[in-house]
Amino acid sequence: MDVQSSTPGVVLKYVVSPNDFTRAGEASSNVKNILKQMGISPDVIRKVSIAMYEGEINMVIHANGGDITVTITPEKIEMVLRDDGPGIPDVEKAMQAGYSTAPEQVRSLGFGAGMGLPNMKNYTDEMKIDTVLGVGTTVTMSVYIS
Amino acid sequence: MTIQTLTEKLPVSILSEGDLSRQITKVFCCDLLSIAMSKAPADCAWVTVMGNVNTLAVASLADAACVILAEGTVLEEAIVEKAKMQGITVLSTTQPVFETALSVYRLLES
Ligand SMILES: Nc1ncnc2c1ncn2[C@@H]1O[C@H](COP(=O)(O)OP(=O)(O)O)[C@@H](O)[C@H]1O
Ligand SMILES: [Mg+2]
């Protein structure tokens, strides 16, 4: 992890390793702790934690890992999750609750219920998915602080 | 009710001991982690049969007071160590999910 506290706000960077379920959640936990120390409200922290963990898990399951950049400003917390995975063929379908292409092994770990993207959308104030087949996916999410 | 009280009144064993003086205010059941993460209330006792490393991450992100693994669900030693390191209380019971949650609920109501 790499913390730069120059303007315009605090920038946190994380690398998400591919296929490593044991480490998935480390980035979100770290962000959660930092936000707590900064005195951000529990409600905002919860939204950021849920959205980011789901995104992190998706990068592990569907996209061979990637990197996450979190920018904290007085107005909002922005999370940019970038991967070089296969891309999402039909974003609208992927956003539907219950839609999942996760393999059985992932389901047996309690994920792959197709609730990730819907959760990310519900718990953030803005969400944008940029995806190119065979190139990768970037999910940008923001949670407003006020 | 504190976690300590729960451990004295219910047939649970302590796999990982965090802060046992922490208050439990609710009880929650679910094994699907995406749902648990978004729906588990803070300070709940979370009853589940899903015993893997993601359970710890979800418990921590949702700010659950403790995890109760029902139906005799076991946790690998490495995961127990991780729970201890993170200060997450994990209890285990041979009772089914519903009976466990009901017992916690009754204690909370009494
Ligand atoms: N970063 C990603 N790269 C490629 N595909 C993705 C990515 N994130 C999500 N998807 C696709 O969208 C589907 C729905 O995602 P999600 O709602 O998180 O459910 P789940 O992860 O449980 O399958 C996934 O099954 C997968 O096909
Ligand atoms: Mg997902």
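Source: prediction; values computed, not measured.

### Notes on the packing of helix α1 (residues 26–37) of chain A against helix α2 (residues 42–62) of chain A
Packed helix pairs are characterised by how far apart their axes lie and by the angle those axes make with each other.
Residue and element names in this part refer to chain A.
Piece 1. Where α1 meets α2, the closest approach of the two axes is 8 Å, and the angle between their N-to-C directions is 165 degrees. When the axis of α1 is compared with that of α2, the two are roughly antiparallel. Where α1 crosses over α2, the two elements pack in a sense that is right-handed. Residues E26, A27, S28, V31, K32, L35 and K36 of α1 touch α2, and the partners they reach there are I45, V48, S49, M52, Y53 and E56.

### Let's talk about the site of ligand 1
Residue and element names in this part refer to chain A.
Piece 1. For ligand 1, the set of nearby residues contains 19 residues, the closest of which are H62, S100, T101, G114 and L117.
Piece 2. A distance of 3.2 Å is found between an oxygen atom of ligand 1 and a backbone nitrogen or oxygen belonging to A113.
Piece 3. In the environment of ligand 1, an oxygen atom lies 3.2 Å from a nitrogen or oxygen atom belonging to the backbone of G116.
Piece 4. Here ligand 1 loses 93% of its free accessible area of 530 Å² to cover by the protein chains.
Piece 5. Among the elements of the structure, α2 and α5 (116–122) are those that each provide at least two residues to the shell around ligand 1.
Piece 6. Here the shell around ligand 1 takes three residues from α5, the largest share from any one element.
Piece 7. Of the residues that constitute the shell around ligand 1, the class distribution is nine nonpolar, nine polar and one charged.

### Concerning the nonpolar core
Generally speaking, soluble globular proteins have nonpolar side chains that are buried together.
Piece 1. Of all hydrophobic cores here, the largest spans 65 residues; its most connected members are A:Y14, A:I68, A:V70 and B:W46.
Piece 2. Ranked by the residues each element gives to this core, the list is headed by α2(A), at 11 residues.
Piece 3. Aside from chain neighbours lying at most four places away, what touches A:I68 is A:L12, A:K13, A:Y14, A:V16, A:A27, A:M52, A:E56, A:M59, A:V80 and A:L81.
Piece 4. The next biggest cluster of nonpolar side chains, apart from the first, holds 16 residues, and it includes B:I3, B:A45, B:I68 and B:V104.

### Things to note about the pattern of salt bridges
Piece 1. Within this structure, the stated rule accounts for eight salt bridges over all chains.
Piece 2. Between A:K128 and A:D130 there is a salt bridge, with its nearest N and O atoms 3.2 Å apart.
Piece 3. Its relative accessible area of 47% is what places A:K128 among the partly exposed residues.
Piece 4. Classification of A:D130 as partly exposed rests on a relative accessible area of 38%.
Piece 5. Put simply, B:D63 and B:R22 hold a salt bridge, and the shortest N to O gap is 3.6 Å. Separated by 41 residues along the polypeptide, B:D63 in the loop between α3 (53–62) and β4 (66–69) and B:R22 in the loop between β1 (13–16) and β2 (26–29) bring together distant segments of the chain.
Piece 6. Relative accessible area serves as the criterion here: at 28%, B:D63 is assigned to the partly exposed category.
Piece 7. Residues participating in the shared-partner salt-bridge network are A:K32, B:R22, B:D43 and B:D63.

### Some words on the interface of chain A and chain B
Piece 1. Tallying the contact residues gives 23 residues for chain A and 21 residues for chain B.
Piece 2. Counting each side, the surface lost to burial between chain A and chain B is near 1,600 Å², with a carbon and sulfur contribution of 54%.
Piece 3. In terms of surface lost to chain B, no three residues of chain A exceed A:K32, A:R46 and A:Y53, which account for 30% of the buried area on that side.
Piece 4. Applying the counting criterion to the chain A and chain B interface returns one salt bridge.
Piece 5. In this structure, the salt-bridge partner of B:D63 is A:K32, at a minimum N-O distance of 4.0 Å.
Piece 6. For the interface between chain A and chain B, the tally reads 10 residue pairs in polar contact (both at pLDDT 80 or more).
Piece 7. Broken down by secondary-structure element, the contributors of at least two residues to the side of chain A that touches chain B are α1, α2 and α5 of chain A.
Piece 8. Sorting elements by how many residues they give to the side of chain A that touches chain B places α2(A) first, with six residues.
Piece 9. Its residues assigned to classes, the side of chain A that touches chain B comprises 10 nonpolar, eight polar and five charged.

### Re helix α4 (residues 77–86) of chain B
All names here are of chain B.
Piece 1. All of the buried residues in α4 are I79, V80 and A83. An end-on view of α4 places all buried positions within 105 degrees of arc, on one side of the element. Among the exposed residues of α4, those oriented more than 90 degrees off its buried face are E77, A78 and M85.
Piece 2. Looking at the buried side of α4, the elements it contacts are β1, α3 and β5 (90–92).
Piece 3. With its phi angle positive at about 70 degrees, G87 sits one or two positions after the end of α4.

Criteria and thresholds
Residues numbered from 1 in each chain as written. Chains lettered and ligands numbered in written order. Predicted model: local features only at pLDDT ≥ 70, side-chain atom pairs only at ≥ 80, totals over all residues. Heavy atoms only, no water. Axes fitted to C-alpha atoms, helices over the stretch in contact; angles between N-to-C directions. Helix = DSSP H or I, 4+ residues; strand = E, 2+ residues; numbered from the N terminus. Parallel < 35°, antiparallel > 145°, perpendicular 65-115°, else oblique. Left-handed = near helix turned anticlockwise from the far one by under 90°. Contact = heavy atoms within 4.5 Å. Near = heavy atom within 4 Å. Polar contact = N/O pair within 3.5 Å; in protein donor to acceptor, adjacent residues only side chain to side chain. Areas by Shrake-Rupley, 256 points an atom, 1.4 Å probe, with all protein chains shown as cover. Nonpolar A, V, L, I, M, F, W, Y, C, P; charged D, E, K, R; others polar. Core = buried A, V, L, I, M, F, W, Y, C linked by side-chain atoms within 4.5 Å. Buried < 20%, exposed > 50% of the residue type's maximum accessible area, 1.4 Å probe, protein only. Salt bridge = Lys/Arg side-chain N within 4 Å of Asp/Glu carboxyl O. Buried area = accessible area lost by both parts, 1.4 Å probe. Arc of directions from axis to C-beta.

Spatial relationships are all this shows, so hold off on functional conclusions.
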